[in-house]
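# Results of the structural survey
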Amino acid sequence: MPERTVILNAPAIQRALTRIAHEIAERNEAGNEVVLVGIQRGGVALAQRLGHLLSGIWGHSVQVGKLDVSMHRDDLDQRVAPEVQPTVIPFDVTDKTVVLVDDVLYSGRTTRAAMDALNDFGRPKRVQLAVLVDRGHRELPVKADFVGKNLPTAQSETVRVHLAETGEADEVVLEKELP
Amino acid sequence: MKSSSRKNSHEWEAERLEPPPVPDLSGPWRGTGRFSFSPPTPPLPAMSWNRKHLLDIESLTADEILTVLDTARAFKAVGERAIKKVPALRGKTVVNLFIEPSTRTRISFQLSEQRLSADIINFTAEASSLKKGETLKDTARNLEALNADFIVIRHSASGAPHFLARVLNASIINAGDGAHEHPTQALLDTFTIREKKGRIAGLNITILGDVLYSRVARSDLWALTKLGAKVTFCGPSTLVPREFEQMGARVTHDVEEAIRDADIINLLRIQHERQRKTMFPSLGEYTSLFGLNKDRLARTKPDALIMHPGPINRGVEIDSEIADCPRSVILEQVTNGLAVRMAVLFLVNGGKGPQEISA
């Protein structure tokens, strides 16, 4: 049984997302050009929540898509084939500001794959990255524009993000295997 | 396997059956703590696919078949984009070894491989040195020397793909072996039925025609019965022997009975080239007794769909206007074939690697 430490509870997750939404609004004043794309699977629900918060701030609806990066991963021949989730981007990303949304930023490899995958849908004007937790240990030159919580971790630890959308209580947990 | 977690995780409804005996896939990488790779993705959902080859349908579990179908759905979406190519097999080499003539399957595999960014070598019966007396084993060893990662093989001898799987390191995909199996055809048929009907379980599926020589009939039977459909084989008694009942099919020689309750009518081509002697008096007689015409179509369920693996013989097993009617999904089968073959290549690529996850 791993040791569990709750890093963010439900109100803390909500506060973090509200702050990220305001930061996105501050950074992108012409809000009508901003679209959100959640990375499967953890980023999808977060992108939808940010979309609601941003439409409240801007007073108009914000388009939200979801992106699966399995086919663009760089480790496909080193592992069992990943489960492919749907990619649904029902709008043109060309000349938009696309905010990629993910739950945890770790090696940066998923973000790289997501940028490649996004390229197949058009040429965004700019791409920004929003994550709920940045746990460090980057293996690629990737940096998030918007971070809910910076969390120093050891590589042996696991960060788990549970969200109401997947049938669990909102919670970010750090798990440590006991020796 | 974690079929329950897959069920929840799916945004596209996936009808999961309790799989029949599932092989123990709990390889050394499960429950060891090393599984805690996973930056952004939550604990990697263990895919129900650990195979390096696709040799037949008979040995697959229901869960494995559904994994291919689910994966194919994502690849079908890729084919509908402006940019229809993904880098999943970048740097990999695929050999298409078509010892028996084939046009549509070969073209479908080629385009699938290109859409996955693989490099491709095509061997065909006419051009290959097998015509010059080389054995399959020697051909295979030459392919190995090219460092092929995947070999897609079509061969007139049943079991040829299994043989290659034993002697080579490459992943082998069976593109049709003799009268044995044609796994990707069965997967694309199953995909098409599921997409159109929303399910497989409980459907009545009639396979009508030259069943005796048909690898499609055998592979379809395995795939569809594993997913809970009822499969009926129908045709002249010389082409549809009772022995198929032992494989789980219902056998009838009465076409009216076979089509009356069918949700799907899958027509098979009369394979002149495989018939060693005449199995029925004439094509004309076959058409009048078993061909699908307007009158017979009127006696089917109004929502019954017409399928055919192609190439169709208009005016023999199917009336020309029926082949083109709205209930015919023959061309959709072709489109879905690409998605299913991309999914198979994608999955066996993962099955090649060490069965362990590392960051």
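Note that the coordinates shown come from a computational prediction; the quantities given were computed from them, not determined experimentally. In every chain, residue numbers begin from 1 and rise along the written sequence. As they are written, the chains are lettered A onward and the ligands numbered 1 onward, keeping that order. This being a predicted model, a pLDDT of at least 70 is required before a residue's local features are given, and a value of 80 or more before pairs of side-chain atoms are given or counted; all residues contribute to the totals for chains, interfaces and linings.

### Digging into the overall build of chain A
The secondary structure content of chain A amounts to 3 helices and 8 strands. Counting from the N terminus, the helices are DSSP H or I runs at least four residues long and the strands are E runs at least two residues long. Helices (α) and strands (β) of chain A occur, in sequence order from the N terminus, as β-α-β-α-β-β-α-β-β-β-β. It is over C-alpha atoms that the radius of gyration is taken, and the globule rule equals 2.2 Å times the number of residues to the power 0.38. Compactness check: chain A gives a C-alpha radius of gyration of 16 Å against a globular reference of 16 Å for 179 residues, within 12% of the reference. Judged by the C-alpha coordinates and their principal axes, chain A covers about 50 × 40 × 30 Å. The contacts in chain A between residues at least 6 apart in sequence include a share of 68% that link residues at least 24 apart. Each residue is represented by a C-beta atom placed from its backbone, and any two residues with such atoms within 7 Å are regarded as in contact.

### Quick word on the overall build of chain B
Counting its regular elements, chain B contains 12 helices and 9 strands. Looking at chain B residue by residue over its 359 residues, the buried ones come to 47%. Sequence separation of at least 24 residues holds for 75% of the intrachain contacts in chain B that already meet a minimum separation of 6. Three classes are used. A residue is buried when 20 or more other C-beta atoms lie within 10 Å of its own, exposed when 12 or fewer do, and partly exposed in between, with C-beta atoms placed from the backbone.

### What to know about the pairing of strand β4 (residues 97-105) of chain A
Look at any regular strand and the pattern is simple: side chains alternate between the two faces of the sheet. Residues and elements named next belong to chain A. Among the 9 residues in β4, 9 count as buried, and that is most of the element. Here, strands pair whenever DSSP counts at least two bridges between them. For strand β2 (residues 34-39) and β4, the ladder comprises 5 bridges, and the chain directions are parallel. Paired with V37 across the two strands is L100, which belongs to β4. Across 8 bridges, the pairing between β4 and strand β5 (residues 126-134) is parallel. The partner of D102 across the bridge, within β5, is V131. For the handedness criterion, the strands are oriented away from the viewer, and a crossover whose path from the first strand over the helix to the second runs clockwise is classed as right-handed. The parallel pair β4 and β5, bridged by helix α3 (residues 109-119), forms a crossover whose chirality is right-handed.

### Thoughts on the pairing of β2 of chain A
Residues and elements named next belong to chain A. Summarising burial for β2: 6 of the 6 residues are buried, a large majority. Side chains of β2 alternate between two faces, with V34, L36 and G38 and V35, V37 and I39 buried alike. As judged from the 4 bridges shared by β2 and strand β3 (residues 64-67), these two strands associate in the parallel manner. Each bridged residue has a counterpart across the sheet, and for L36 the counterpart in β3 is V64. This β-α-β element, β2 to helix α2 (residues 42-58) to β3, shows right-handed connectivity.

### Looking at the domain arrangement of chain B
How big an interface is tends to be stated in terms of the accessible area lost upon association of its parts. All names here are of chain B. These domain limits were set by an automatic method or by a database of domain assignments. Domains assigned within chain B are domain 1 (27-178 + 337-352) and domain 2 (183-328). Opposite the 19 residues of domain 1 that make contact, domain 2 presents 15 residues. Listed by contribution, the elements that provide at least two residues to the side of domain 1 that touches domain 2 are α2 (62-79), β4 (171-177) and α12 (330-352). In terms of residue count, the dominant contributor to the side of domain 1 that touches domain 2 is α2 (5 residues). Note on residue classes: Ala, Val, Leu, Ile, Met, Phe, Trp, Tyr, Cys and Pro are nonpolar, Asp, Glu, Lys and Arg are charged, and everything else, Gly too, is polar. Residue composition of the side of domain 1 that touches domain 2, by class: 10 nonpolar, 4 polar and 5 charged.

### Topic: helix α6 (residues 183-197) of chain B
Residues and elements named next belong to chain B. The span expected for a helix works out to 1.5 Å for each residue beyond the first. The first and last C-alpha atoms of α6 sit 21 Å apart over 15 residues, in line with the 21 Å expected at 1.5 Å per residue. Every buried residue of α6 is accounted for by P183, T184, Q185, A186, L187, L188, D189, T190, F191, T192, I193 and R194. G198, located one to two residues past α6, shows a positive phi value of around 80°.

### With respect to the nonpolar core
When buried Ala, Val, Leu, Ile, Met, Phe, Trp, Tyr and Cys residues are joined through C-beta atoms within 7 Å, the set is termed a nonpolar core. Ranked by internal contacts, the top residues of the largest apolar core, which has 102 residues, are I151, A343 and V344 of chain B. Of all the elements, α12 of chain B adds the most residues to this core, at 10 residues. In this structure, this core is formed jointly by two domains, domain 1 (27-178 + 337-352) and domain 2 (183-328) of chain B, each of which donates at least three residues. Discounting residues that sit within four places of it in the chain, A343 of chain B has contacts with V68, T71, A72 and F75 of chain B. Residues L105, A113, A114 and A117 of chain A belong to the second largest nonpolar core, which totals 48 residues.

### Re the sheet that holds strand β1 (residues 93-98) of chain B
All names here are of chain B. What the 4 strands build is an open sheet, ordered β2-β1-β3-β4; its pairing is parallel. Because the sheet does not close on itself, it has two edges, and the strands there are β2 (119-124) and β4. Here the average twist between neighbouring strands, direction ignored, is 15°. In this sheet, strand β3 (residues 150-155) lies alongside β1 in parallel orientation, the contact comprising 5 bridges. Along β3, the bridge assignment pairs L97 with I153. Interaxial angles span 0 to 180 degrees and are taken between N-to-C directions of axes, which are lines fitted to C-alpha atoms, for helices over the stretch in contact. Helix α5 (residues 160-167) contacts β3 and β4 of the sheet and is inclined by roughly 165° relative to β4.

### Topic: the environment of A169 of chain A
Looking at the secondary structure, you find A169 of chain A in the loop between β7 (158-162) and β8 (171-176). Apart from the residues lying within four places of it in its own chain, the contact partners of A169 of chain A are A10, H162 and A164 of chain A.

### Some words on the sheet that holds β5 of chain A
Residues and elements named next belong to chain A. The sheet built from 5 strands is open, its strands ordered β3-β2-β4-β5-β6 with parallel pairing. Each edge of the open sheet carries a strand with a single partner, namely β3 and β6 (146-150). For this sheet the average axis-to-axis angle between neighbouring strands, irrespective of direction, equals 25°. The sheet contact formed by β5 and β6 spans 4 bridges and is parallel. Across the sheet, the residue bridging to A130 is F146, located in β6. Along the sheet, α3 makes contact with β2, β3, β4 and β5, crossing β4 at roughly 150°.

### Quick word on the packing of helix α4 (residues 136-145) of chain B against α5 of chain B
All names here are of chain B. Here α4 crosses α5 at 50°, and the two axes come no closer than 11 Å. As judged from the angle between their axes, α4 and α5 are oblique. Note on packing geometry: the crossing formed by α4 with α5 is right-handed. Residues L136, K137 and A140 of α4 pack against A160, F163, L164 and V167 of α5. Throughout, the term roughly parallel applies to angles under 35 degrees, roughly antiparallel to angles over 145, roughly perpendicular to angles from 65 to 115, and oblique to all others. Handedness of a helix crossing follows the sense of rotation of the near helix relative to the far helix, less than a right angle counterclockwise being left-handed and clockwise being right-handed.

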